[in-house]
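Structural description and commentary
Single-letter residue listing:
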Amino acid sequence: MSQPWMDRIPWTLRSVLAGSAGTAALSGAYAVERAARRSPRSTPLDYDDSDVPGRIVVNILHLGQVSEREDRELATALRWSYGSLFGLLHGVMRRRVREPGASVGFAATLLAMTFSLFPLLGRTPPPWRWSRGYVVTCLFTHTAYVAAVGVVDDALRDQS
């Protein structure tokens, strides 16, 4: 049943909100995995959880030397900005394809970008050389992200 106030929210805003919810789910998935593994916060679980995203920002923006703290802050800012904006991609797909097709296509696009952009921009090894733990974590956290984006985007989507 459609809520009248939701009908006034543009689909773009609903999708960005869904992307933010997905980013929160991804962050929560890292916390769950870290607790299950009893890993210290300083030990990255995969490249997304490492200093690689921060280094990508530093390289793209030509920021020069940054401290470890600034590197972590840049990585967090990058995760929340692209995580929120990727909700728009799901929103576009969802407007054209029903679920679960939109989320499957969205997940495939997201993983293709992750597996190609980290080696290209972050200078990581190619994904077939990533440790099994990194690949499993990447798939687990991104599945949490995609599921949350799909659920929230669909829940907020105009029902008319």
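Each chain carries its own residue numbering, running from 1 in the written order of its sequence. Reporting of local features is limited, given that this is a predicted model, to residues whose pLDDT is at least 70; pairs of side-chain atoms are given and counted only at 80 or more, and all residues count toward the totals for whole chains, interfaces and linings. In computing side-chain values, all of the structure's heavy atoms are included and hydrogens and water are not.

Here's the deal with the overall build of the chain
Note the cut-off: A run of DSSP states H or I qualifies as a helix once it reaches four residues; a run of E qualifies as a strand once it reaches two. Both are numbered from the N-terminal end. Each radius of gyration reported is based on C-alpha atoms, and the globular scaling rule is 2.2 Å times the count of residues to the power 0.38.
A count of helices and strands for the chain gives six helices and zero strands. Tracing the chain from N to C terminus, the helices and strands come up as α-α-α-α-α-α. A compact globule built from 160 residues should have a C-alpha radius of gyration of about 15 Å, and the chain, at 17 Å, falls within 12% of that. With the C-alpha coordinates of the chain rotated into their principal frame, the extents come out at 50 × 30 × 25 Å.

Re the nonpolar core
The condition that has to hold: To qualify as a nonpolar core, a set must consist of buried Ala, Val, Leu, Ile, Met, Phe, Trp, Tyr and Cys residues joined through side-chain atoms within 4.5 Å. Between buried and exposed lies partly exposed: a residue is buried under 20% and exposed over 50% of the maximum accessible area for its type, with that area taken using a 1.4 Å probe on protein chains only.
Formed by Ala-18, Leu-26, Tyr-30, Leu-45, Phe-86, Phe-106, Ala-107, Leu-110, Tyr-145, Val-146 and Val-149, the largest nonpolar core amounts to eleven residues. Core analysis: the second largest hydrophobic core is formed by seven residues, Tyr-47, Ile-56, Trp-130 and Tyr-134 among them.

A word on the environment of Val-104
Tracing the backbone shows Val-104 in helix α5 (residues 101-122). Along the backbone, Val-104 and Met-93 are eleven residues apart, and their C-alpha atoms lie at a distance of 9.9 Å.

Some words on the packing of aromatic side chains
Formally: Side-chain rings of Phe, Tyr and Trp (the six-membered ring for Trp) are treated as a pair once their centres are within 6.5 Å; stacked means planes under 30 degrees apart, edge-to-face means over 60, and tilted covers the remaining angles.
By the definition in use, this model includes five aromatic pairs. Seen from their ring centres, Tyr-47 and Tyr-134 are 4.8 Å apart, and the 85° between their planes marks the pair as edge-to-face. Of this pair, Tyr-47 sits in the loop between α2 (11-37) and α3 (52-61) while Tyr-134 sits in helix α6 (residues 132-156); the two residues are 87 residues apart in sequence, bridging distant segments of the chain. Of the two residues, Tyr-47 and Tyr-134, both sit in the buried class.

Looking at a nonpolar patch on the surface
Inclusion rule: Patch membership requires over 30% relative accessible area and the absence of a salt bridge. Like charges are linked within 9 Å, and nonpolar side chains (Val, Leu, Ile, Met, Phe, Trp, Tyr) within 5 Å. The Shrake-Rupley method, run with a 1.4 Å probe sphere, supplies the accessible areas, and residue values consider only the shown protein chains as cover. By definition, a salt bridge exists where a carboxyl oxygen of Asp or Glu is found within 4 Å of a side-chain nitrogen of Lys or Arg.
On the surface, Ile-60, Leu-61, Leu-63, Met-113, Leu-117, Leu-120 and Leu-121 cluster together into a nonpolar patch covering about 630 Å² of accessible area. The set of elements that each furnish at least two residues to the nonpolar patch consists of α3 and α5. Tallying contributions element by element places α5 first for the nonpolar patch, with four residues. For Met-113, the position within the fold is in helix α5. Taking relative accessible area as the criterion, Met-113 reaches 31% and is therefore assigned partly exposed.

A few points about unusual backbone geometry
The step from Glu-99 to Pro-100 runs through a cis peptide bond, and the omega angle for that step is 5°. In this structure, Pro-100 sits in the loop between α4 (68-96) and α5. Despite not being glycine, His-62 shows a phi value in the positive range, around 50°. Mapped onto the elements, His-62 comes out in the loop between α3 and α4. Relative accessible area serves as the criterion here: at 70%, His-62 is assigned to the exposed category. Residue Arg-123 is not a glycine yet carries a positive backbone phi of 60°. Residue position: Arg-123 is located in the loop between α5 and α6.

Comments concerning α2
The cut-off we apply is this: To estimate the expected span of a helix, subtract one from its residue number and multiply by 1.5 Å.
The end-to-end C-alpha distance of α2, which contains 27 residues, comes to 38 Å, matching closely the 39 Å that a straight helix rising 1.5 Å per residue would cover. When we look at burial in α2, the residues that qualify are Arg-14, Ser-15, Ala-18, Gly-19, Gly-22, Thr-23, Leu-26, Ala-29, Tyr-30, Glu-33 and Arg-34. Among the residues trailing α2, Arg-38 stands out with phi positive, at a value near 60°.

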